[in-house]
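Coordinate inspection notes
Listed below, chain by chain, are the residues.
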Amino acid sequence: MKKYYILSLNPTAKHDWDRCILRDPLTAKRPDLAKLVSEAVGADTGSYLISVNIEVQVLEQAAVPQAEQLSLNVSEVNEKPQLREVA
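Averaged over all residues, the pLDDT of the protein is 80; the fraction at 70 or higher stands at 75%. Ranking the elements of the protein by mean pLDDT puts helix H2 (residues 74-79) last with 54 and strand E2 (residues 20-23) first with 92.

Put into C-alpha cells, the structure is as follows:
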C-alpha cells in the first residue's frame, strides 16, 4: 500500500506539534497511522508483532514564502484629519 503525504517542517514554530506536520494532500487531514497499520494487518482480534518499513522519497519541495513587507507613507497618514471623540 503506497500513501502520499505532505510534510511541513518548521523548527521555529511556537508549539511542538506545529514543528513537524504530516497531512493528506487531498483532505489536509493528519493521517491516523495506527489505523492504516490495523487495516493492513486485518480485522482479527489479537496482538501482533509487526514490522513497518517507511521509505521517504521527496517528490517536490515548495519554497517557503517570504513575509511581504508593506511600505507605509507616513506623510499620507499625517495629512489625514484625525477624529476627536466628543464627550
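Resuming the write-up.
Let us look at the pattern of salt bridges. By the definition in use, this model includes one salt bridge. With a closest N to O distance of 2.6 Å, Asp 16 and Arg 19 form a salt bridge.

So, on to the environment of Arg 23. With respect to the element layout, Arg 23 can be found in strand E2. For the pair Arg 23 and Ile 6, spaced 17 residues apart in the sequence, the C-alpha separation amounts to 5.1 Å. Those residues in contact with Arg 23 that lie beyond four places of it in its chain are Tyr 5, Ile 6, Ala 28, Lys 29, Arg 30 and Pro 31. Reaching out from Arg 23, the side chain makes a polar contact with the backbone oxygen of Ala 28 at a distance of 2.8 Å.

Reading guide: rules and limits
- Residues numbered from 1 in each chain as written.
- Predicted model: local features only at pLDDT ≥ 70, side-chain atom pairs only at ≥ 80, totals over all residues.
- Heavy atoms only, no water.
- pLDDT = per-residue confidence, 0-100.
- Helix = DSSP H or I, 4+ residues; strand = E, 2+ residues; numbered from the N terminus.
- Salt bridge = Lys/Arg side-chain N within 4 Å of Asp/Glu carboxyl O.
- Contact = heavy atoms within 4.5 Å.
- Polar contact = N/O pair within 3.5 Å; in protein donor to acceptor, adjacent residues only side chain to side chain.

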